[in-house]
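What follows is the residue order along each chain.
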Amino acid sequence: MIDFTYAQIDDNYLSYYNDLFKFEISIPSDWNEEKGDNYVLFTPSLDNFNNFSKSFIVYSYNIDDLPYFTNENNSYNDVINGELDHLKSFYNDFTLIKSPETISINYYNFSFFEFSYYDYLFGKINVKEYLLINDTNLFILSYQDKPLSYFSNLKMYDNIIQSFRIVETKNNTFDLSNVREKLSENIPKTYTNLVAGL
């Protein structure tokens, strides 16, 4: 079953739609895509030893499945603090660079923060993470890169974030069968052939 589609926007970006997680986003046209049970990872096609860590990833979780979301801890702040605690325990030398803030993007209220961690192979890595709760889903949009290229590529990463949309359906087909039927009932016979051409 195909659960994603691409559409060319221009020479530099593709519009990517994921039917499983119900989101749409624009990514560089030369990036690869890898899917997991609850994420989609995008990485440059020409990865090598020096830029292997560069990536953009979209996670989608049911908030009821999160270990840090409980009956007692169920606010937006609880989710953010739970995610921060998870990151601190997961990454080596976790350092919070920018504390959580709220930002509105395309009418979605995201919380975002920045941090760094140490990778034994690639050294220091910078990460910017956006969290969005939509109904019972938690979307996490995250990009990471080495410090120097992280800052030089911020505009590209921010453009990707700005393109994010939650899309329930991508079916743009309009059913004209009822239109033909109704028109045929209410217009003279001589015009019915014109309707058949719709």
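Here, the structure is the one placed above.
This structure is a prediction, so every number in the text was calculated from the model and none was measured. (Residues numbered from 1 in each chain as written. Predicted model: local features only at pLDDT ≥ 70, side-chain atom pairs only at ≥ 80, totals over all residues. Heavy atoms only, no water.)

## With respect to the environment of Tyr-59
Alright, step 1. Relative to the helices and strands, Tyr-59 is located in strand β6 (residues 55-62).
Alright, step 2. Using a relative accessible area of 24% as the deciding quantity, one classes Tyr-59 as partly exposed.
Alright, step 3. Separated by 23 residues in sequence, Tyr-59 and Gly-36 place their C-alpha atoms 9.2 Å apart.
Alright, step 4. Here Tyr-59 is in contact with Asn-38, Tyr-39, Leu-138, Phe-139 and Ile-140, once residues within four sequence places are set aside. (Helix = DSSP H or I, 4+ residues; strand = E, 2+ residues; numbered from the N terminus. Buried < 20%, exposed > 50% of the residue type's maximum accessible area, 1.4 Å probe, protein only. Contact = heavy atoms within 4.5 Å.)

## Thoughts on helix α3 (residues 154-162)
Alright, step 1. The set of residues buried in α3 consists of Met-156, Tyr-157, Ile-160 and Ile-161. In an axial view of α3, the angular spread of the buried residues amounts to 140°, which keeps them on one side of the axis. (Arc of directions from axis to C-beta.)

## Remarks on the side chain of Ser-60
Alright, step 1. Secondary-structure assignment places Ser-60 in strand β6.
Alright, step 2. Look at Ser-60 and you get buried, because its relative accessible area is 12%.
Alright, step 3. Ignoring any residue separated from it by four or fewer positions in sequence, one finds Ser-60 in contact with Phe-21, Asn-38, Leu-138 and Phe-139.

## Some points on the nonpolar core
Alright, step 1. Of all hydrophobic cores here, the largest spans 26 residues; its most connected members are Phe-23, Ile-25, Phe-56, Leu-141 and Phe-164.
Alright, step 2. Where this core is concerned, the elements lending two or more residues are β3 (23-28), β5 (39-44), β6, β8 (108-119), β9 (123-134), β10 (137-145) and α3.
Alright, step 3. The element that contributes the greatest number of residues to this core is α3, accounting for 4 residues.
Alright, step 4. Aside from chain neighbours lying at most four places away, what touches Ile-25 is Leu-14, Ser-15, Tyr-16, Phe-42, Phe-56, Val-58, Leu-141, Ile-160, Ser-163 and Phe-164.
Alright, step 5. Counting 18 residues, the second largest nonpolar core, distinct from the first, contains Leu-66, Phe-69, Leu-138 and Ile-140. (Core = buried A, V, L, I, M, F, W, Y, C linked by side-chain atoms within 4.5 Å.)

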